[in-house]
Amino acid sequence: MTEPTPATSPPDAPDAGLFRRIEASFSRQGMMRHLGARLLRVAPGLCEIALPHSDKVTQQQGGFHGGAMGALADIAGGYAALTLVPEGMEVTTVEYKINFLAAYQGGELRATGRVVKAGKRIVVTTAQVVHLDQHGRQSDCAVMQQTLVPVPKTY
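Residues numbered from 1 in each chain as written. Predicted model: local features only at pLDDT ≥ 70, side-chain atom pairs only at ≥ 80, totals over all residues. Heavy atoms only, no water.

### As for the sheet that holds strand β5 (residues 123–132)
Strand-to-strand pairing in sheets goes through backbone hydrogen bonds, with the strands running parallel or antiparallel. Judged by pairing direction, the sheet is antiparallel, and its six strands sit side by side in the order β1-β2-β4-β5-β6-β3 without closing on themselves. Both edges of this open sheet fall to β1 (38–43) and β3 (89–100), since each of them pairs with a single strand only. Each adjacent strand pair in this sheet contributes to an overall mean axis angle of 25°, direction not counted. Pairing of β3 with strand β6 (residues 138–152) involves eleven bridges; the strand directions are antiparallel. Residue pairing in the sheet places methionine 89 in a bridge with proline 152 of β6. Running at roughly 145° to β1, helix α1 (residues 16–26) makes contact with β1, β2 (46–52) and β3 of the sheet. Relative to β3, helix α3 (residues 66–82) is tilted by about 140°, and along the sheet it contacts β2, β3, β4 (108–118), β5 and β6. (Pairing = 2+ DSSP bridges. Helix = DSSP H or I, 4+ residues; strand = E, 2+ residues; numbered from the N terminus. Axes fitted to C-alpha atoms, helices over the stretch in contact; angles between N-to-C directions. Contact = heavy atoms within 4.5 Å.)

See the structure below:
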């Protein structure tokens with residue numbers, strides 16, 4: 001399997017503060033911690049998250065469960081949106097639509113969320129979910145589009 005992208009930005013990187021802001025919120029995600037997801041990359045309008053294969057994310061035949069893929073895509077798109085809303089705000093998903101393209105076992109999933117349009121009242125994102133096998137081969141797994149709304153941060 002390919003080496004995971006480091007989950008830290010150099011202290012002098014232009015987006016290091018943005019990474020820390022997203023990481024602080026991501027670390028509060030109980031479900032993502034439970035499933036073993038890792039925050040890989042953050043930039044304005046973009047977020048990438050990895051999810052390793054484990055018995056916590058499988059369906060009855062041993063492949064990644066669609067619910068785990070959907071959650072990963074939702075979180076990646078949500079954090080891509082969060083990079084563009086003002087500090088002191090969070091985002092919440094209003095709706096998403098996902099297409100599952102293929103099922104996979106082993107390896108890990110990576111979801112990359114990207115902002116399509118960031119408005120004051122709604123943010124529209126997409127997320128691409130790919131599977132990386134033990135040899136580093138990448139295959140499309142799912143695509144998602146979502147609508148989010150900015151909400152006040154309550155913690």
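Now that the structure has been shown, we can carry on.
### A few points about the packing of α1 against α3
At a minimum axis distance of 10 Å, the contact between α1 and α3 shows a crossing angle of 135°. Put simply, α1 runs oblique to α3. The handedness of the crossing between α1 and α3 is right-handed. Contact residues: α1 offers Arg21, Ile22, Ser25 and Phe26, while α3 offers Ile75, Tyr79 and Leu82. A breakdown of the residues in the contact of α1 with α3 according to their chemical character gives five nonpolar, one polar and one charged. (Parallel < 35°, antiparallel > 145°, perpendicular 65-115°, else oblique. Left-handed = near helix turned anticlockwise from the far one by under 90°. Nonpolar A, V, L, I, M, F, W, Y, C, P; charged D, E, K, R; others polar.)

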